[in-house]
Amino acid sequence: MCSKVFMFLIGTACIYYQVLASEDVFIAELMLESNVTLEAQTIISVLKTTNDLNVTDTSGTSHTVTLLYNEVVADCLIAGHIFSCNCSNGYIWSNEVCYDHKCCRETTCKQNVSHIIPLCIAKVKVHINGSVMLNGGIWSDSKTTQLETAFEELNGFEYLNVTGERAGNSIADFEAAVSVKFETSKLQGIIADLEKSLGAVLWVDTLGVVTIESPETAACYLSSPELKCTLEEATDSAGWNMSKKHERFELNNGSVVKLNHSCSTEEYKSCVAVTLQKVTGIWAGTYECGFTSGSVRHTAKTQLSVALLPDEITLKINPLAVDCSQGHESINIDVTATILNSIESFDVWWSYMGEGKYELFNKSDGDLLVYDFVVPISCQKTTDAQYVNVTFKNSGEQEKSAQVDIPVIYEGSSFCSGELVNGDVWPKAPAGDMVINRTCAEGRVGYKTRTCEVTTWQPVFSYCVNQELVQILKAANNFLMGLGATQSVAMDIFNGLKNTTASDSDSSDTMADVTASISVLNVMAIASQYVPLQEDVLPGLVDATSNILNKTWSGVNQSVVHNMSSDYLQSVEGLVHNIKVNHTNEINSQNVELKVCSGRDCNVSVFDIAVNLSTTTGKMKTVAVKNLMDKLRNNYGQTVPTGLLLLATLEDNNDSSIQIKMDFPRDHLNASKPICVFWNTTDKDWSDVGCIVKTTDDNRTHCQCNHLTSFSVLMAKSDISTDDLDVITSVGLGVSVCSLLIFLIIESLVWSAVVKTNLSHFRHTALVNIAVFLLLANCSFLASSSPETLSDTWCLIFTVCKHLFYLAMFSWMLCMSVMLVHQLIFVFSPLRKRVFMFISSIVGYVCPILIVGSSYVYCKYTDKSYYDSKTCWLVFERLLEGSMHAFLLPVGTVILTNLFSMVVVILTLVKSSAPDGGKADDKETAKSILKVVVFLTPIFGVTWIIGFAQLMLDADSPMFTVAKYSFTILNSFQGLLILITGCFAEQKVREELFKLIMAKSKGKSDSMTNLTSKDK
């Protein structure tokens, strides 16, 4: 009796069908057993006539299935105790048949295996690559034979070749291939035996064991494709790599890469998926997933294509500005669009002012694709900017455009003439245009900009960055996205940043390098939220951050410096917080010092700042920073920064409340009142919320705060609570402005009557000028009372106006006091009107303009700040340093001169009354002196001497508060005092004003009388 068993593979539908149909697709085996000889084709023909079958799954549920495909997998001939089984072409014995019954080749199996399911399985190509590192000795042919013999134990073994030897023949690389997927335990058993017998260490990668799923078509630009790998066995770890030409990156979580290790099922016990969010061309390449178990790593590869669009489109025009000033109707310009070379076939066209669609064709230029075309630019004047668009469309019908504005110099409009500066050509450009020059020195990439304001070129701003720094920034951006986000890459980034920032650069390019360096820190700080960084990166980070502070941050306005320094501080704080520390205790550099403390009661000292923090768990990381405080924005009242900043953060701590105590060394500045503050990252300014000054002395300031961040001490001359002074100032200035307007109106009405003598003409001319300039100065002061709302340009304008108008006011005060003294001393040699007006015009108009102009030019060409954007006023650095001295010295000179004049007047009064000697005369003399003091003090500006007295008083002294309020009240109401003393206190003015009022009243009375008479 003999029987024949056929194994059929039924229901083999491809994944493509499974995607299109909403039904489930099954792959099953059907075993037929017969006591008579059957032909396989007979059974297949029967199956072809069978449409539907009812089957029951393992849970007992019945299903009706349709046969889609069938073929013979194996056949067995059984005659008594003689067995003969064979696999069909394309199939091989299953692992159970091989390892349990020793049928491991494509030969006939003489064992009773017909009952095993599956009996035969489809062949798959599994490649094995590995390395053997001998603990001693060199590689030999006998070891190759030993290696091959061991791997022949694998089911479906095909071949093994040693591909190379290295490291003095102590390491051998090999490749092998089998036709069946195998269990990892089987391969690990072979590796363990080989390591023992060879006295070596083996690493093995496989390709073909893992199932990988990926998009079958090109992913759309900015889409989010998902790739997924599965393995039937549980493994130790899993990950992804991406490789492209000459580059290989490990993928980690980032802003683009999102890894998923939680996709395993009962069938697939190991799973790792990756989603790429908003892919661009950089993400096209070969993706490899890997599952590691011991020294075995199972991999799978797939190619991901992206329907590309250019990541960057660079547009250049020649000439850089169109000159229509000669009356042309239109002028042609050359436009060049450049993108990186791409395998994508783009449809490209350009348009002018949003109209037209003109096709473009590229020419290859190395790694670039270049599109050249000519555009006729209209010279007809328009308020809208003229522009050219270039559009790229990919195979997925997606589009990306770039626009370049065309500066046009219209006939009769203002422009800046062409210049050659340091070898750079700055062409003729229209007013308000910013010209971009893309030429940089060798070893640098980027551009330079220069703005034409009205007819004057502004300074050149360089954005030409060190090429090495550009590569570091590119690596940091890749790290942030998750491309190559590993610890070793992070170390390379920080060490590279340390090296590039340590080198000197041309002063014109320093800010470009500083900006790029801070960008690297900022990017890595964000990336550290995705990928935990280890302490190995700290030395490079500390040195790099210190080097950045050694650079000269100049050539840009203060608001840019403020933003840069804030980004720097926030980045350093984020990095220090996120970097995991295990063994590091201390890292020092010139401007940055880091210390780590573990324990319940931490006490450390960084740059002489003593820090104490008591916690239940965790590690305290403290960083002290020099040379940063002067770069940070400070709108915290009238304060000046000290030299040190402390950053404190905790790792692995969940305490609900924290009290940190800090002992700062005292900077011996002119300001004397310390305020403990922290850096508010939201407002980008200092705040004292949660911080108090515990104690202070001449050498130390003790601060206590209830939170952790960046701390420092600000020094103030007085208490910062100035709300009451602000109200007094605003009200006083408002009253002064109104009073000065009334004064000028009255002067215009009574002018002809009160200036009949030279002396009165001199006096009223000086008074009117004093009133006009004080009015303008007060208006400028009120307009700049909220500096934070003003642009840098307006802040500069108001600073110049206040500087100029106050100096002019004091200059006319000087003219009045000198004139008065001259008249008293030289009674018989009076000043002529022409001489007085000539000298007064020079002193009152020309001198203030010269002082303001020269101080501004000096500051500009010595790279010093003329004004402080926080106050919209002049800068005081220290004694005899800062633009403030261009105000203090002239004003101080005038006040001293005016005081001298008042003393001369008083002495003259005393001397003239001395011969009489009566008590009544003494009383009159005293009254006269008091009247002189009262009347001349506001007109001579003597009240401003109180401001100088404030500089010499101790802030804790009661007299300081008295002086502060006295100065504010007297000088904010100075306009009212001038109205009273210069107008109402003068008899002639009162009389003329009374006459005018009476004349008006009489005129109205006469009119009423005439009307009454007519009515009668």
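Below, the structure is looked at part by part. Counting starts from 1 at the beginning of each chain's written sequence and moves along it residue by residue. Per-residue local features are limited, in this predicted model, to residues with pLDDT of at least 70; the limit for side-chain atom pairs, both in listing and counting, is 80 or more; totals at the level of whole chains, interfaces and linings are taken over all residues. Computation of side-chain values covers all heavy atoms of the structure but excludes hydrogens and water.

**Details of the environment of Phe-346**
As for its placement among the helices and strands, Phe-346 is situated in the loop between strand S23 (330-340) and strand S24 (347-352). Residue classification places Phe-346 among the buried residues on the basis of a relative accessible area of 13%. When residues no more than four places from it in sequence are discounted, the contact partners of Phe-346 are Leu-308, Leu-309, Pro-310, Ile-339, Phe-392, Lys-393 and Asn-394. We count a stretch as a helix when DSSP gives it H or I for four or more residues in a row; a strand needs E for two or more, and each element gets its number in order from the N terminus. Only protein chains enter the accessibility calculation, which uses a 1.4 Å probe; a residue is then buried when its area is under 20% of its type maximum, exposed when over 50%, and partly exposed in between. Any pair of residues with heavy atoms lying within 4.5 Å of one another is described as a contacting pair.

**Concerning a nonpolar patch on the surface**
Excluding any residue in a salt bridge, patches collect residues exceeding 30% relative accessible area, merging like charges within 9 Å and nonpolar Val, Leu, Ile, Met, Phe, Trp and Tyr side chains within 5 Å. Only the protein chains shown count as cover for residues, with accessible areas throughout obtained via the Shrake-Rupley method and a probe of 1.4 Å. Salt bridges are counted wherever a side-chain nitrogen of Lys or Arg sits within 4 Å of a carboxyl oxygen of Asp or Glu. On the surface, Phe-838, Ile-839, Ile-842, Tyr-845, Val-846 and Leu-850 cluster together into a nonpolar patch covering about 560 Å² of accessible area. Its place among the elements puts Ile-839 in helix H14 (residues 833-861). Overall, Ile-839 belongs to the partly exposed group, its relative accessible area being 44%.

**Description of helix H7 (residues 487-502)**
For an α-helix, the turn length of 3.6 residues means that residues three or four places apart are oriented alike. Under the convention used throughout, the expected extent of a helix is 1.5 Å for every residue step, that is, one less than its residue count. In this model H7 runs 23 Å from its N-terminal to its C-terminal C-alpha over 16 residues, within 8% of the 22 Å that 1.5 Å per residue would give. Within H7, the full set of buried residues consists of Ala-490, Ile-493, Phe-494, Gly-496, Leu-497, Thr-500 and Thr-501. All buried residues of H7 fall inside an arc of 160° around its axis, so they share one side. Counted as exposed and oriented over 90 degrees from the buried face of H7: Asp-492, Asn-499 and Ala-502. The reported arc concerns the directions from the helix axis to the C-beta atoms and nothing else.

**Side note on the pairing of strand S51 (residues 700-705)**
Along S51, five of the six residues are buried, which leaves the element largely enclosed by surrounding structure. The criterion for strand pairing is that DSSP finds at least two bridges linking the strands in question. The pairing of strand S47 (residues 660-665) with S51 spans six bridges and is antiparallel. Counterpart to Met-662 in the pairing with S51 is Cys-703. Strand direction decides the pairing type here: strand S50 (residues 691-696) and S51, joined by five bridges, are antiparallel.

**Overview of the packing of aromatic side chains**
Any aromatic ring pair is given by two values, namely how distant the centres are and how the planes are angled relative to each other. What counts as a ring pair is set by centres within 6.5 Å for rings of Phe, Tyr and Trp (its six-membered ring), and what kind of pair is set by the plane angle: stacked under 30 degrees, edge-to-face over 60, tilted for all other angles. Per the stated rule, a full pass over the model turns up 21 aromatic pairs. Of the aromatic side chains, those joined through ring pairs into one cluster are Tyr-806, Phe-810, Trp-873, Phe-887, Trp-944 and Phe-967. Put simply, a charge is over a ring when the Lys NZ or the Arg CZ is close to the ring centre, within 6 Å, and near the line of the ring normal, within 35 degrees. Looking at Lys-186, its charged tip hangs above the ring of Tyr-99, at a distance of 4.6 Å from the centre. Stacked on the ring of Phe-415, the Lys or Arg Lys-428 has its end atom at 4.3 Å from the ring centre.

**Quick look at the pattern of salt bridges**
By the definition in use, this model includes 20 salt bridges. Across the pair Lys-125 and Glu-158 runs a salt bridge, and its minimum N-O distance is 2.6 Å. Of this pair, Lys-125 sits in the loop between strand S8 (120-122) and strand S9 (126-134) while Glu-158 sits in strand S10 (residues 157-166), and the two are 33 residues apart along the sequence. Because the salt bridges share partners, they merge into one network encompassing Arg-248, Glu-288, Arg-297 and Lys-301.

**Re the sheet that holds strand S19 (residues 285-293)**
Strand order in the open sheet made by the eight strands is S10-S11-S9-S12-S20-S19-S15-S16, with mixed pairing throughout. If you trace the sheet from one side to the other, it starts and ends with S10 and strand S16 (247-251), each paired once. Taken over all neighbouring pairs, the strand axes of this sheet differ in orientation by 25° on average, direction set aside. Think of each axis as a best-fit line through the C-alpha atoms, taken over the contacting stretch in the case of a helix, with angles from 0 to 180 degrees between the N-to-C directions. Contacts from helix H4 (residues 141-151) reach S9, S10, strand S11 (171-178) and strand S12 (200-207), with the element oriented near 145° to S10.

**Re the sheet that holds strand S48 (residues 673-680)**
If you walk across this open sheet you meet the seven strands as S41-S42-S45-S46-S52-S48-S49, and the pairing is antiparallel. The open sheet has two edge strands, strand S41 (586-588) and strand S49 (685-687), and neither has a second partner. Ignoring which end each strand starts from, the neighbouring axes of this sheet average 25° apart. Taken together, the six bridges between strand S46 (residues 639-651) and strand S52 (residues 710-716) define a ladder with antiparallel strand orientation. Across the sheet, the residue bridging to Thr-639 is Ala-716, located in S52. Sheet strands touched by helix H9 (residues 538-550): S41, strand S42 (592-598) and strand S45 (619-626). Its angle to S42, the strand with the most contacts, is close to 145°.

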